[in-house]
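Structural overview for review
As a plain string of letters, each chain reads:
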Amino acid sequence: MQKQFKFTGKKTQKVQRLILRMIEIFESVGLPIKGTDRRLEKMAMACLAVGDISSHLSQAKSGVFLKSRDIITFENTHFGENISYGSYDDIRRKDLALPVEAGIVISSSNVESQAVNNPTRGYSLAPHFAELIKTLANATKKEEQEALEKFKAQHQEIVRLLAEKRELDRVPVTLPSGEMLSLSAGEHNQLQKAIIEEFLPRFGQGAILLYVGDTEDKYLFRADKELKGIGFFELKHEELPDVVAYSKDKNLLYLIEAVHSAGPMSEMRVNKLKRQLECCSAEAVYITAFNDKTVFKRWLSDIAWETEVWIASEPEHMIHFNGYKFLEIHK
């Protein structure tokens, strides 16, 4: 590092040297060393944590997967940090995003078909990167250069294979328009696929898709012109449902939440959405989708009245939590 590096928290000289050495290794293997000192510091600490490196590079390990909160515990214990456990999502989204993308840190989703946002998954140093770190711990200049050349040659092939695996694991989705999308692996996205391919053709009354997010890309598909045309709220809002569709013939706006582990259309959620949709010209229909009845039963008490439920395992049927409207068809 050419400039004076500014550390955060109470770090010993030994810890500071360890962090700077990890950043130097990032640079040596071709990672873009950009961002604030704090961003680089947190990325280095996260990599040290998943490699079980608390004091010396020779400790580097691979194969033991640490969850986000375990990484926070490691950093607080060994690196003089005081990170809140509520910041666990920053580990995935910020601190390890670049190392995972570069293939020097692997997620358990790389070796198992897990969702990208699965809270039980963990992280580990890639075996070849852990081996490089151990070699560099006590290497001469010549040995260091040879080790880096070997790593780069091996790494290119590993990155290619990982990219091929991620592509094979992706979930293909056919939109009502016939257009194809590709979602990342995971049960949540399998349910979103069922909503688009099974629910909308049956109950959407000619609806077109306006929005669908992905665990890797929140704004994977968005029809901005159509959303603006009906007065839909800003997509960046935290209350954004998983799938949004619109039937022009019926002027119905389908707001669909795909529930795998959290988040049905509760009373509070519906009320927040209604406030956000005050300027919307379409009639909103609030729908919670589940994979099967077992998951549905788990969330039954949280589902709001005046909403709908669809279960992917029994796609021909819906459950109506809106007695008065439902009874109107018998008039």
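Quick note: structure is the one above.
Residues numbered from 1 in each chain as written. Predicted model: local features only at pLDDT ≥ 70, side-chain atom pairs only at ≥ 80, totals over all residues. Heavy atoms only, no water.

**Concerning the sheet that holds strand S9 (residues 283–290)**
Quick note on the threshold: A pair of strands is labelled paired if DSSP reports no fewer than 2 bridges between them. The way it works is that DSSP assigns letters per residue, a run of H or I at least four long becomes a helix, a run of E at least two long becomes a strand, and they are numbered from the N terminus. Contact between two residues is taken to exist if any of their heavy atoms lie within 4.5 Å; hydrogens are not considered. Here, axes are lines fitted to C-alpha atoms. For helices the fit covers the stretch in contact, and angles between N-to-C directions go from 0 to 180 degrees.
Pairing in this open sheet of seven strands is mixed, and the strands run S6-S5-S7-S8-S9-S10-S11 from one edge to the other. Lying at the two open borders of the sheet, with one neighbouring strand each, are strand S6 (221–222) and strand S11 (318–321). Where S9 meets strand S10 (residues 307–311), four bridges bridge the pair, whose relative direction is parallel. Residue pairing for S10: Ile 287 is matched across the bridge by Glu 308. Across the sheet, helix H8 (residues 187–203) lies against strand S5 (208–212), strand S7 (243–247), strand S8 (252–259), S9, S10 and S11, angled at about 150 degrees from S8, the strand it touches most.

**Considerations on the pattern of salt bridges**
Here is the rule we go by: We define a salt bridge as a contact between a side-chain nitrogen of Lys or Arg and a carboxyl oxygen of Asp or Glu at a distance within 4 Å. The classification of residues rests on relative accessible area computed with a 1.4 Å probe and restricted to protein chains. Under 20% of the type maximum is buried, over 50% is exposed, and intermediate values are partly exposed.
On inspection of all chains with the given rule, the structure shows 19 salt bridges. Of the charged contacts, one joins Lys 11 and Glu 81 as a salt bridge, the two residues approaching to 2.5 Å between their closest N and O atoms. With Lys 11 in the segment before helix H1 (13–28) and Glu 81 in the loop between helix H3 (68–78) and helix H4 (88–95), this pair connects stretches of sequence that are 70 residues apart. Residues Lys 11 and Glu 81 agree in their burial class; the two are buried. With a closest N to O distance of 2.8 Å, Asp 95 and Arg 39 form a salt bridge. With a gap of 56 residues between them, Asp 95 in helix H4 and Arg 39 in helix H2 (residues 37–50) connect regions that are remote in the sequence. A relative accessible area of 0% means that Asp 95 is categorised as buried. Since its relative accessible area comes to 30%, Arg 39 is described here as partly exposed. A network of salt bridges, in which partner residues are shared, links Lys 11, Arg 38, Glu 41 and Glu 81.

**Comments concerning the packing of aromatic side chains**
What counts is decided by this rule: Two rings from Phe, Tyr or Trp (for Trp, the six-membered ring) form a pair when their centres sit within 6.5 Å of each other. Planes less than 30 degrees apart are called stacked, planes more than 60 degrees apart edge-to-face, and all others tilted. Definition used: whenever NZ (Lys) or CZ (Arg) falls within 6 Å of the ring centre and also within 35 degrees of the ring normal, the charge is taken to sit over that ring.
Tallying each qualifying case throughout the model produces nine aromatic pairs. With a centroid separation of 4.9 Å and an interplanar angle of 55 degrees, the aromatic rings of Phe 5 and Phe 7 are classed as tilted. Here a set of aromatic residues connected by ring pairs shows up, and it is made of Phe 199, Phe 203, Tyr 254 and Trp 310. Note that Arg 69 overlies the ring of Tyr 88, its terminal NZ or CZ placed 4.0 Å from the centroid.

**Let's talk about the nonpolar core**
The following threshold applies: To define a nonpolar core, start from buried Ala, Val, Leu, Ile, Met, Phe, Trp, Tyr and Cys residues and group those joined through side-chain atoms within 4.5 Å.
One finds Met 22, Phe 26, Ile 71, Leu 96, Leu 125, Phe 129 and Ile 133 to be the most contacted residues of the largest nonpolar core, which totals 47 residues. Among the elements of the structure, H1, H2, H3, strand S1 (105–107), strand S2 (123–125), helix H6 (127–137) and helix H7 (141–169) are those that each provide at least two residues to this core. Considering each element in turn, this core owes the most residues, nine residues, to H2. Setting aside residues no more than four positions away along its own chain, Ile 133 makes contact with Met 22, Ile 25, Ile 53, Leu 57, Ala 60 and Leu 125. Leu 181, Leu 191, Ala 194 and Ala 245 belong to the second-largest nonpolar core, a separate cluster that totals 25 residues.

**Some points on the environment of Thr 8**
Relative to the helices and strands, Thr 8 is located in the segment before H1. Among the residues examined, Thr 8 registers a relative accessible area of 34% and is labelled partly exposed. Sequence-wise, Thr 8 and Glu 81 are 73 residues apart; in three dimensions their C-alpha atoms are separated by 8.0 Å. Those residues in contact with Thr 8 that sit more than four places away from it in its chain are Arg 38, Glu 41 and Glu 81.

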